[in-house]
Amino acid sequence: DSQTAMDVSILIVNYNTREFLRGCLASVISETTGIEYEIIVVDNDSKDGSREMLEREFPDIRAIYNSDNKGFAAANNQGMKYARGRYILLLNSDTKVLAGAIQKTIEFMETHPEPSIVGCKLLNANGSLQPSCMSFPTVWNLFSESFFLYRIFGRTRLFGKYHMTHFDHDAVCQVDVVKGAFMMIRREVIENIGLFDESYFMYTEETDFCFRAKAAGFQTLFYPSASI
């Protein structure tokens, strides 16, 4: 089946982040070995020379150039329609892949049939941890967020639940939502529940996607042994 001719399709949405995108692509190419992959960049009408940079420096990468900014959800959907991988990886343009994170995550999913959506460890530029999992929003979580209670009492489960500031980022763990900065999805999930809801222009679309996935019986996991 030519649709699933490779291990993973890496989708990167770009909007005026040329320098970040260059670093991201270089890290994917240098760090990803031993698997068959394709990179699809969806550019939302960037005005910063991103297209020229891509055509000059990365001519083999598949690229979709939009004539307007379609937003994050719609642009990822465009990429998913073209993707040929057994897995789809959504990757933010302002990330750098560390130490083989992509093939490590695929290996984890290949050897564990239950996780259908997997997120990895997110680090800040200085190497400190960035929380990358969230709970589904509830009135209480949003109240805690509105009043910044999660910052003051973040280590408690009561106030820290939405951003999961109490969470152990060194253990494999079932979670509600992983951030779209690095979101590995089995193709069956998309075939079953469909694409992102495009009525979300940006933000929240991964929460909605994970919510629909859970309702359909799919598991979302946090996998700490891979980092970006």
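Residues numbered from 1 in each chain as written. Predicted model: local features only at pLDDT ≥ 70, side-chain atom pairs only at ≥ 80, totals over all residues. Heavy atoms only, no water.

A. Representation of the overall build of the protein chain. Helix and strand counts for the protein chain stand at nine helices and 11 strands. Put simply, the protein chain has 228 residues, and 52% of those count as buried. Entry remark: accessible area of the protein chain is about 10,900 Å², with carbon and sulfur atoms responsible for 53%. (Helix = DSSP H or I, 4+ residues; strand = E, 2+ residues; numbered from the N terminus. Buried < 20%, exposed > 50% of the residue type's maximum accessible area, 1.4 Å probe, protein only. Areas by Shrake-Rupley, 256 points an atom, 1.4 Å probe, with all protein chains shown as cover.)

B. Region of the structure containing the nonpolar core. Of all hydrophobic cores here, the largest spans 33 residues; its most connected members are Val8, Ile10, Ile12, Leu25, Leu91, Ile102 and Met184. Element by element, the count of residues in this core is highest for helix 4 (residues 101-111), at five residues. Here Ile102 is in contact with Val8, Ile10, Val28, Thr32, Ile35, Leu89, Val97, Phe182 and Met184, once residues within four sequence places are set aside. Counting 30 residues, the second largest nonpolar core, distinct from the first, contains Ile88, Phe136, Ile193 and Phe196. (Core = buried A, V, L, I, M, F, W, Y, C linked by side-chain atoms within 4.5 Å. Contact = heavy atoms within 4.5 Å.)

C. How the structure looks around empty space enclosed by the protein. With the rule as written, the count across this model stands at one cavity of 30 Å³ or more. Of the pockets and cavities examined, the largest cavity occupies roughly 30 Å³. In terms of lining residues, the largest cavity is bounded by Gly119, Cys120, Leu122, Ser132, Cys133, Val178, Lys179, Phe182 and Phe222. When residues of the lining of the largest cavity are assigned to their parent elements, the largest contribution, three residues, is made by strand 5 (residues 115-123). For the lining of the largest cavity, a count of residues per class yields six nonpolar, two polar and one charged. (1 Å grid on protein atoms, 1.4 Å probe; cavity = no way out; pocket = protein on both sides within 12 Å on 5 of 7 lines; lining within 4 Å. Points joined across faces, edges and corners; volume = space filled by probe spheres on them. Nonpolar A, V, L, I, M, F, W, Y, C, P; charged D, E, K, R; others polar.)

D. How the structure looks around the packing of aromatic side chains. Applying the stated criterion across every chain, the model contains two aromatic pairs. On the numbers, 5.1 Å between centres and 80° between planes, the contact of Phe196 with Phe209 is edge-to-face. Pair noted here: Phe196 is in the loop between helix 8 (187-193) and helix 9 (205-215) and Phe209 is in helix 9, with a separation of 13 residues, a long-range link. As far as the burial class goes, Phe196 and Phe209 line up, both buried. (Phe/Tyr/Trp six-rings, centres within 6.5 Å; stacked < 30°, edge-to-face > 60°.)

E. Quick peek at the packing of helix 1 (residues 18-31) against helix 2 (residues 50-57). The geometry of helix 1 relative to helix 2 is characterised by a closest axis approach of 9 Å and an angle of 25° between their N-to-C directions. With respect to helix 2, the element helix 1 is oriented roughly parallel. Helix 2 is crossed by helix 1, and the crossing has right-handed handedness. Here Arg18, Leu21, Arg22 and Leu25 of helix 1 come into contact with helix 2, specifically with Ser50, Met53, Leu54, Arg56 and Glu57. (Axes fitted to C-alpha atoms, helices over the stretch in contact; angles between N-to-C directions. Parallel < 35°, antiparallel > 145°, perpendicular 65-115°, else oblique. Left-handed = near helix turned anticlockwise from the far one by under 90°.)

F. Spotlight on the pairing of strand 2 (residues 37-43). When you tally the buried positions in strand 2, you get six out of seven residues, the bulk of the element. Bridge analysis of strand 1 (residues 6-14) against strand 2 gives seven bridges, and the strand direction is parallel. For Ile12, the partnering residue across the bridge sits in strand 2 and is Val41. Since strand 1 and strand 2 lie parallel, the crossover through helix 1 that links them has a hand, and here it is right-handed. Sheet analysis places strand 2 next to strand 3 (residues 62-65), joined by four bridges and oriented parallel. (Pairing = 2+ DSSP bridges. Right-handed = clockwise from strand over helix to strand, strands pointing away.)

G. Structural view of the pattern of salt bridges. For the structure shown, the criterion picks out 14 salt bridges. Close ionic contact of Glu38 with Arg84 constitutes a salt bridge, the shortest N to O distance being 2.9 Å. Taken together, the residues Glu38 in strand 2 and Arg84 in the loop between helix 3 (72-82) and strand 4 (85-91) connect sequence positions 46 residues apart. The partly exposed category is assigned to Arg84, whose relative accessible area is 30%. Several salt bridges converge on common partners, so that one network encompasses Arg18, Glu19, Arg22, Arg56 and Glu57. (Salt bridge = Lys/Arg side-chain N within 4 Å of Asp/Glu carboxyl O.)

H. A look at helix 3. For helix 3, the tally of buried residues reaches nine of 11 residues, placing the bulk of the element in the interior. Among the residues making up helix 3, those that are buried are Phe72, Ala73, Ala74, Ala75, Asn76, Asn77, Gln78, Gly79 and Met80. Among the structural elements, strand 1, strand 2, strand 3, strand 4, helix 8 and helix 9 are those in contact with the buried residues of helix 3.

I. Quick look at the confidence of the model for the protein chain. A residue-level look at the protein chain finds 83% of positions with pLDDT of 70 or above and a mean pLDDT of 87. pLDDT under 50 marks residues 158-165. Its contacts with residues more than four places away, or in other chains, come to 35 contacts. (pLDDT = per-residue confidence, 0-100.)

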